[in-house]
Amino acid sequence: MSSEGKISWNFLKNVSDTLDSYRIRALIDAKNEILKAGLYDESVFYEILFKMFDEELLKYRFLEFLKYKKDHDFKTIEQFANDQRMEISKVLGLLELLRNENLVIIHELCDTIKGDDKEPSRSVFKGLKIEVIDGDFSKIKPVYEPVKVIFDSKQCSGCGICAGICPVKCIEINNGFGKIDEQKCLRCGLCYLACPRSFFPKRLMRMIQDNASSIKEYESFGPFIEAHAARTKIPSIAESCQDGGISSTCLYHLIESKKVDLALGAKMSSDPWRPEPSIMETTDDIIKSAGTKYVNNPNLILMNDNQIKGKTIAVVGVPCQMQALLKSQLYNIGIPALNCVKYRIGIFCMESFPYEEGFRKICEKLNVPLTEVKKTDINKGKFFIYKKSGEELNIPIKDISYLARMDCEFCYDLTSESADISVGSIGAPSGWNMVIIRTQKGKELFNELLKKKLIESKDIDDVKPGLPMLAKIANIKQNKCIKHVNSIKESNKRYPNY
Ligand code: SF4
Ligand code: SF4
Ligand code: SF4
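Here is what the cut-offs are and how they apply
Residues numbered from 1 in each chain as written. Chains lettered and ligands numbered in written order. Predicted model: local features only at pLDDT ≥ 70, side-chain atom pairs only at ≥ 80, totals over all residues. Helix = DSSP H or I, 4+ residues; strand = E, 2+ residues; numbered from the N terminus. Rg over C-alpha atoms; globule rule 2.2 N^0.38 Å. Buried ≥ 20, exposed ≤ 12 C-beta atoms within 10 Å, placed from the backbone. Contact = placed C-beta atoms within 7 Å. Pairing = 2+ DSSP bridges. Axes fitted to C-alpha atoms, helices over the stretch in contact; angles between N-to-C directions. Core = buried A, V, L, I, M, F, W, Y, C linked by C-beta atoms within 7 Å. Domains from an automatic or database assignment. Near = placed C-beta within 6 Å. Nonpolar A, V, L, I, M, F, W, Y, C, P; charged D, E, K, R; others polar. Parallel < 35°, antiparallel > 145°, perpendicular 65-115°, else oblique. pLDDT = per-residue confidence, 0-100. Left-handed = near helix turned anticlockwise from the far one by under 90°. Expected span 1.5 Å × (residues − 1).

Asker: Can you tell me about the overall build of the protein chain, naming the residues and giving the values?
Answerer: Each helix and strand in the protein chain was counted, giving 19 helices and 16 strands. The C-alpha radius of gyration computed for the protein chain amounts to 23 Å, which stays within 12% of the reference 23 Å derived for 498 residues, consistent with globular compactness. Expressed as lengths along the three principal axes of its C-alpha atoms, the size of the protein chain is roughly 85 × 55 × 50 Å. Split into buried and exposed, the 498 residues of the protein chain put 45% on the buried side. When contacts within the protein chain are restricted to residue pairs at least 6 apart in sequence, those whose partners lie at least 24 apart make up 70%.

Asker: Pulling in residues and values, what's your account of the sheet that holds strand β12 (residues 382-387)?
Answerer: The 3 strands are arranged β11-β12-β13 in an open sheet whose pairing can be described as antiparallel. The sheet is open, and its two edges are formed by β11 (373-379) and β13 (392-396), each paired on a single side. Each adjacent strand pair in this sheet contributes to an overall mean axis angle of 20°, direction not counted. Pairing geometry for β12 and β13, over 5 bridges, is antiparallel. Its bridge partner being in β13, Ile-385 is matched across the sheet by Leu-393.

Asker: I'd like to hear about the nonpolar core, residue by residue, with values.
Answerer: Generally speaking, nonpolar side chains in soluble globular proteins are found buried as a group. Core analysis: the largest hydrophobic core is formed by 121 residues, its most contacted members being Leu-251 and Ala-263. For this core, the two domains that each supply at least three residues are domain 1 (3-143) and domain 2 (226-352 + 405-490). The contact partners of Ala-263, leaving out residues within four places of it in the chain, are Leu-251, Leu-254, Ile-255, Met-280, Ile-286, Ile-313, Ala-314 and Val-316. Counting residues in hydrophobic clusters, the runner-up holds 16 residues, among them Leu-63, Phe-80, Leu-95 and Leu-98.

Asker: Got a sec to walk through the site of ligand 2? Specific residues and values, please.
Answerer: Near ligand 2 there are 15 residues, and of these Val-147, Cys-156, Cys-159, Cys-162 and Cys-195 occur at the shortest range. Each residue belonging to the shell around ligand 2 can be placed in one class, and the counts come to 10 nonpolar, 4 polar and 1 charged.

Asker: A description of the packing of helix α12 (residues 246-256) against helix α18 (residues 440-451) should follow, citing residues and the corresponding values.
Answerer: At a minimum axis distance of 10 Å, the contact between α12 and α18 shows a crossing angle of 85°. Here α12 is positioned roughly perpendicular relative to α18, judged by the angle of their axes. Contacts between α12 and α18 pair Thr-249, Cys-250 and His-253 from the former with Leu-445, Glu-448 and Leu-449 from the latter.

Asker: Provide a residue-level description of the domain arrangement of the protein chain, including the pertinent values.
Answerer: As assigned here, the protein chain comprises domain 1 (3-143) and domain 2 (226-352 + 405-490). If you average the C-alpha positions of domain 1 and of domain 2, the two centres end up 31 Å apart. Looking at which element gives the most residues to the side of domain 1 that touches domain 2, the answer is helix α4 (residues 42-67), with 6 residues. Residues that form the side of domain 1 that touches domain 2 fall into these classes: 5 nonpolar, 1 polar and 4 charged.

Asker: Break down the pairing of β12 for me, with residues and values.
Answerer: Looking down a regular strand, the side chains alternate between one sheet face and the other. Note: β11 against β12, 6 bridges, orientation antiparallel. Bridge pairing links Asn-379 to Lys-382 in β12. Between β11 and β12, which pair antiparallel one after the other, the connecting turn spans 2 residues, and Lys-380 there sits at a positive phi close to 45°. The hairpin turn running from β12 into β13, its antiparallel successor, is 4 residues long, and Gly-390 in that turn takes a positive phi close to 105°.

Asker: Residue-level account of α12, with values.
Answerer: Counting buried residues along α12, 10 of its 11 residues qualify, which places the element largely inside the surrounding structure. Inspection of α12 places Ile-246, Ser-247, Ser-248, Thr-249, Cys-250, Leu-251, Tyr-252, His-253, Leu-254 and Ile-255 among the buried residues, and these make up the whole buried set. Note on α12: the residue one or two positions beyond its end, Lys-258, has a positive phi of about 60°.

Asker: Break down the confidence of the model for the protein chain for me, citing the residues and quoting the values.
Answerer: Per-residue pLDDT for the protein chain averages 90, and the proportion of residues at 70 or more is 96%. Mean pLDDT in the protein chain bottoms out at helix α1 (residues 3-20), which sits at 71, and peaks at α18, which reaches 98.

Asker: Can you break down the sheet that holds strand β1 (residues 71-72) residue by residue, with the values?
Answerer: Read across the sheet, 3 strands follow the order β1-β3-β2 without closing on themselves; strand pairing throughout is antiparallel. Strands at the two margins of the open sheet, each flanked by one partner only, are β1 and β2 (104-113). Relative to strand β3 (residues 122-132), β1 runs antiparallel, the two sharing 2 bridges. Bridge pairing in β3 links His-72 to Ile-130.

Asker: I'd like to hear about the packing of helix α2 (residues 22-29) against α4, residue by residue, with values.
Answerer: Across the interface, α2 lies against α4 with an axial gap of 10 Å and an inter-helix angle of 165°. Our classification of the angle between α2 and α4 gives roughly antiparallel. Regarding α2 and α4, the two cross each other, and that crossing is left-handed. Contacts between α2 and α4 involve Arg-23, Ile-24, Leu-27 and Ile-28 from the former and Leu-49, Met-52, Phe-53 and Glu-56 from the latter. In terms of residue class, the contact of α2 with α4 is made up of 6 nonpolar, no polar and 2 charged.

Asker: Explain the environment of Glu-56 to me, and be specific about the residues and the numbers.
Answerer: You can see Glu-56 is positioned in helix α4. Residues Glu-56 and Ile-106 lie 50 residues apart in sequence; the distance between their C-alpha atoms is 19 Å. Contact partners of Glu-56, with chain neighbours within four places excluded, come to Thr-18, Ser-21, Arg-23 and Ile-24.

Asker: Please give an account of unusual backbone geometry that cites residues and values.
Answerer: With the exception of glycine, most residues fall at negative phi, and the peptide bonds are largely trans. In this structure, Pro-465 follows Lys-464 across a cis peptide bond, with omega equal to 0°. Among the structural elements, Pro-465 can be located in the loop between β16 (455-459) and α19 (466-490). Of note in this structure, Asn-102 is not a glycine but carries a positive phi near 60°. As for its placement among the helices and strands, Asn-102 is situated in the loop between α6 (88-100) and β2. Looking at Asn-102, the number of C-beta atoms within 10 Å reads 11, which means it is exposed.

Asker: How would you sum up α18? Please name residues and give values.
Answerer: In this model α18 runs 16 Å from its N-terminal to its C-terminal C-alpha over 12 residues, within 8% of the 16 Å that 1.5 Å per residue would give. On the buried face of α18, the contacting elements are α12, β10 (341-347), β14 (421-424), β15 (433-437) and β16. The first or second residue beyond α18 is Lys-453, which carries a positive phi of 55°.

Structural data, given as structure tokens:
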């Protein structure tokens with residue numbers, strides 16, 4: 001057989017494997033149910049199907065490429081990326097899929113930096129060894145899991161993306177916790193693919209954010225281009241915002257300058273202090289929604305709202321939501337709403353509280369009726385409530401940590417590493433924000449805010465306590481997460497694969 005013949009044969013075999021893939025079959029077989037659910041019309045359905053097909057085909061081609069040898073290292077990744085004219089990060093993404101489907105084993109070669117009572121042991125990446133599992137691949141047909149496994153293991157962060165993209169709308173998130181209608185579920189696995197808690201290859205995601213071509217180690221708050229302290233100069237935002245008002249100012253500018261059509265975030269519902277997902281269309285909407293909400297809110301369930309269709313959006317959210325969006329970008333699953341996301345504005349998040357069992361109880365502890373709360377804040381290890389009467393109350397975070405969502409213990413990310421621009425108060429002087437610029441897009445946005453005099457900023461070297469404080473707190477959160485995940489691993493329970 002000529003080499004051309006071989007390539008054609010392999011290609012046909014890969015196409016056949018792809019068509020046989022459960023993920024593709026589930027979509028094809030359920031075409032009528034999907035169209036009936038009304039979220040996607042026929043043209044969008046085909047768009048998703050063909051994108052999924054391309055991704056699956058690429059995965060099988062990579063597997064075929066790996067099969068010719070038993071063991072591989074990073075050079076194989078580079079070689080496949082060169083052959084296919086693909087980014088190395090994309091090939092690493094395919095490798096993660098193969099690992100998740102138990103078709104390869106990835107051994108990360110690391111140097112271990114031994115820990116002590118304060119710091120758990122850490123590993124520093126040196127290289128990869130990839131082992132291809134023996135066996136007849138054509139007989140291995142993974143069934144793609146829905147995120148039920150994430151709900152059942154109490155690891156769901158409540159980001160909402162699964163409910164936002166499910167083609168048959170069979171996921172509900174109520175009070176921050178999800179449920180699947182198993183009668184309706186197709187087992188297409190789209191939700192699992194997008195979920196930040198199914199698997200989230202942290203090193204790869206950091207590499208993507210850094211636009212790097214190799215895996216590196218980064219600060220505990222992830223890769224960044226620049227950092228600043230900044231605050232808004234828009235008076236109406238300054239009045240209602242938490243600290244420097246930078247996330248609201250970003251949205252305000254993006255809407256006003258028509259760089260995006262809509263913003264997706266949270267606003268207060270008619271229940272006092274219970275946030276709800278919100279699509280904002282005007283600068284007035286942005287001003288009304290300004291201010292941090294410490295109650296968990298599944299903003300991303302609105303990803304497929306009719307209002308968003310065909311529009312460009314900026315999303316503001318917590319780290320787990322930024323992770324879901326970045327992961328969906330790596331695994332391009334063809335869902336139009338995900339391609340509409342032009343900016344990711346991340347906010348810092350140490351932990352979040354459920355409304356009923358968390359935030360309401362904190363108010364009860366401080367003896368403040370919810371209707372009397374004017375503003376809330378977390379600062380210097382304390383949770384503050386400012387009453388409408390002007391009175392200020394606080395409670396140490398350690399005394400209310402047990403009220404936070406349990407799943408937040410699985411969260412290593414304090415600073416929204418997966419955002420274009422991350423905003424929070426840690427490290428910044430009172431009334432200012434710490435702003436971490438992660439991508440070129442984030443940098444352009446920040447520079448526009450400065451140029452239009454919508455914000456003022458300080459050189460980060462002049463800011464106290466500044467980045468060392470941010471690194472310290474980010475490290476504390478990261479270490480807490482590592483310890484928690486390690487303890488879950490030891491008890492042989494499911495854990496998020498970071
Ligand atoms: S719940 Fe998940 S697996 Fe089931 S149909 Fe929806 S997206 Fe697909
Ligand atoms: S973490 Fe997000 S995507 Fe995953 S199950 Fe929870 S709500 Fe769904
Ligand atoms: S701590 Fe992490 S998981 Fe919890 S709400 Fe914040 S970002 Fe999401």
